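Listed below are the residues making up each chain.
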Amino acid sequence: MTANALDLVVRNARVATASDTFDCDIGIRNGRVALLGEGLPAGTREIDAAGRTVTPGGVDAHCHLDQPMEGPVKMADDFLTGTRSAACGGTTTVIPFAAQMKGQSLEAAVVDYHGRAEGKACIDYAFHLIVSDPTPQVLATELPRLISQGYTSFKVYMTYDDLKLDDGQILDVLDVARTHGALAMVHAENADCIEWLTKRLEAAGRTAPRWHAHARPMLVEREATHRAIALSELVDVPILIVHVSGREAIEQIRWARAHGLSVFAETCPQYLFLTAEDLGIDDSYQGARCVCSPPPRDKANQEIIWDGLGDGLFTVFSSDHAPFRYDDPQGKKPGGEEVPFRHIPNGIPGLETRLPLLYSEGVLGGRITLQKFVELTATNPAKAYGLHPRKGTIAVGSDADLVVWDERALAIDNRRLHHAVDYTPYEGMQLKAWPGLTLSRGEVVWDGTSFTGQAGRGKFLPCGTPSLLPKRT
Ligand code: URP
Ligand code: ZN
Ligand code: ZN
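Residues numbered from 1 in each chain as written. Chains lettered and ligands numbered in written order. Predicted model: local features only at pLDDT ≥ 70, side-chain atom pairs only at ≥ 80, totals over all residues. Heavy atoms only, no water.

A. Structural context of the packing of aromatic side chains. Using the criterion set out here, one finds 16 aromatic pairs in the structure. With centroids separated by 5.3 Å and ring planes inclined at 80°, the aromatic side chains of Tyr359 and Phe373 adopt a geometry described as edge-to-face. Taken together, the residues Tyr359 in helix H11 (residues 354–363) and Phe373 in helix H12 (residues 370–384) connect sequence positions 14 residues apart. Judged by relative accessible area, Phe373 falls into the buried class, the value being 1%. (Phe/Tyr/Trp six-rings, centres within 6.5 Å; stacked < 30°, edge-to-face > 60°. Helix = DSSP H or I, 4+ residues; strand = E, 2+ residues; numbered from the N terminus. Buried < 20%, exposed > 50% of the residue type's maximum accessible area, 1.4 Å probe, protein only.)

Spelled out as structure tokens, the structure:
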């Protein structure tokens, strides 16, 4: 065997990138794409992809894995089950959150989070930070040092008592992002309005899961989105609004863009495929499964989200996987109780179903192009968070992270998913495709039937400068 021999050739692929679709063989050596072309020499191993579309492995830039919670609640997925599930759904890179607890050093949160990932992650991973306690030490020393070490994005919350920052604190954090070249992600919901509405609902005895959506109407997202935009304008730094749910927040983002502001946006499958009715049409507790924030809206808003995916309003499409089991005292029934909606852990699982849902309904359903699919699910998240071109594309020199698609009818069935959650909100949904193979750095980690990767093979990826930031001299 010569030194230049290929380890693997994926033959006759219909390769899709964010810009083109072309037919070729993909030659892989040492975990990277070494050659793209017709009639490549034989590899040590060969995979025939004739007639099948091959896309870059997905980059899920918003998911929560093994994030410490206040007891008795505990996330169902750790780095093993979460990344296994991601791989089986075509995702080859995840960017979960190292979350600072109030009173904790941010660097300590990062050390803790590395410990949670090491030896468990089956695919490559980077970390965003969650800044919940921007002390002078964090702002002046820890955050700049962490940015220089490859943690170049962080999330700030405008809601949730244990995480939220006030406007002055957000300005301080945005200022650090501007000075040191990081990207701030914002969870935009008005905490005071939510609390006021929640108290009124509770006083009226309206505590079933469905009232969660009434406590967080679009207005509270609209107001906070506009405020976040104003704060970013004041500091003169781009921001990315995460998990945008519908028309009112979108209108604010379009307004910002029309005024020349750098405001980017993310949306998630729950805003395309669920509505507030999934939280319940009566007082049944079943709807706790779909309690997430912001809540899903209605069919008309789903259409508006589809429009935004097609026309460039959205930069990234992420899962916001936040895994809590339904029938579990550590999950949606804390302590084993059916609790008022205020106490239901927020979030739904979605790492494994993100790509198949968008490929089936978006690409094969004729709503978005294949190029747009690749852009939203892989290329843009890799660029936005400083991982491109190593991740997010199929190009010579990139990691050989690939998805070979099987186009066939199937129904989503939680028993076939690989997360540790006891439900999926998308149970029974008819799909037109699922990954037939997922390759991570040239290794098959999902063969269409079974998970074939290994715990601990995933590598930590320090992130470079997010490409959405302006070049400052
Ligand atoms: O309900 C949600 N989205 N849970 C996850 C945490 C967050 O705010 O993203
Ligand atoms: Zn959030
Ligand atoms: Zn989230």
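B. Up close: the side chain of Ser293. The residue Ser293 is located in the loop between helix H9 (270–273) and helix H10 (299–311) in this model. Exposure remark for Ser293: the relative accessible area of 4% places this residue in the buried category. A polar contact is formed between the side chain of Ser293 and the side chain of His212, at a distance of 3.3 Å. At 3.1 Å, the side chain of Ser293 and the side chain of Arg216 are in polar contact. The contacts of Ser293, once residues within four sequence positions are left out, are Tyr160, His187, Glu189, His212, Arg216, His243, Tyr271 and Asn346. (Polar contact = N/O pair within 3.5 Å; in protein donor to acceptor, adjacent residues only side chain to side chain. Contact = heavy atoms within 4.5 Å.)

C. Region of the structure containing the state of the cysteines. In the structure shown here, the tally under the stated rule is zero disulfides. Note on Cys88: no disulfide assigned, nearest cysteine sulfur contributed by Cys122 at a separation of 8.6 Å. Cys292 supplies the cysteine sulfur nearest to Cys268, a cysteine that is in no disulfide, at a spacing of 8.3 Å. (Disulfide = S-S within 2.5 Å.)

D. Local environment of H12. Here H12 is 15 residues long and its end C-alpha atoms lie 20 Å apart, about the 21 Å a rise of 1.5 Å per residue gives. Of all bends in H12, the biggest is about 45°, found at Leu376. Counting buried positions along H12 yields 13 of 15 residues, so the element is predominantly enclosed. With its phi angle positive at about 75°, Gly386 sits one or two positions after the end of H12. (Expected span 1.5 Å × (residues − 1). Bend = angle between axes of the 7 residues up to and from the residue.)

E. Spatial organisation of the coordination of the zinc ion (ligand 3). Protein coordination of the zinc ion (ligand 3) is provided by His62 (NE2), His64 (NE2) and Asp320 (OD), with donor distances spanning 2.0 to 2.1 Å. One can describe the site at the zinc ion (ligand 3) as tetrahedral: its four donor atoms subtend angles covering 90 to 123° at the metal. Going along the chain, you hit the donors of the zinc ion (ligand 3) in the pattern H-x1-H-x255-D. In this structure, the zinc ion (ligand 3) lies 4.0 Å away from the zinc ion (ligand 2). Highlighted residues: His62 in the loop between strand E6 (58–60) and helix H1 (79–88) and Asp320 in the loop between strand E15 (316–317) and H11, separated in sequence by 258 residues. Its relative accessible area of 8% is what places Asp320 among the buried residues. (Donors = N, O, S within 2.8 Å, 3.2 Å for Na, K, Ca; no water. Tetrahedral: all angles 85-135°; square planar, octahedral: opposite > 155°, others 65-115°.)

F. Inspection of the nonpolar core at higher detail. Leu129, Phe154, Ile241, Leu309, Phe314 and Phe373 are the most contacted members of the largest nonpolar core, which totals 105 residues. Judged by nonpolar contacts, the second largest core, of 23 residues, contains Phe97, Tyr157, Tyr385 and Leu468. (Core = buried A, V, L, I, M, F, W, Y, C linked by side-chain atoms within 4.5 Å.)

G. Spatial organisation of the site of ligand 1. Near ligand 1 you find 13 residues, and of these His64, Lys155, His187, Ser293 and Asp320 are the closest. Between Lys155 and ligand 1, the recorded distance is 2.9 Å, taken from a side-chain N or O atom to an oxygen atom. Asp320 places a polar side-chain atom, nitrogen or oxygen, 2.7 Å from a nitrogen atom of ligand 1. Protein contacts shield 95% of the accessible area of ligand 1, which totals 270 Å² for the unbound molecule. Partitioned by chemical class, the residues of the shell around ligand 1 number four nonpolar, seven polar and two charged. (Near = heavy atom within 4 Å. Areas by Shrake-Rupley, 256 points an atom, 1.4 Å probe, with all protein chains shown as cover. Nonpolar A, V, L, I, M, F, W, Y, C, P; charged D, E, K, R; others polar.)

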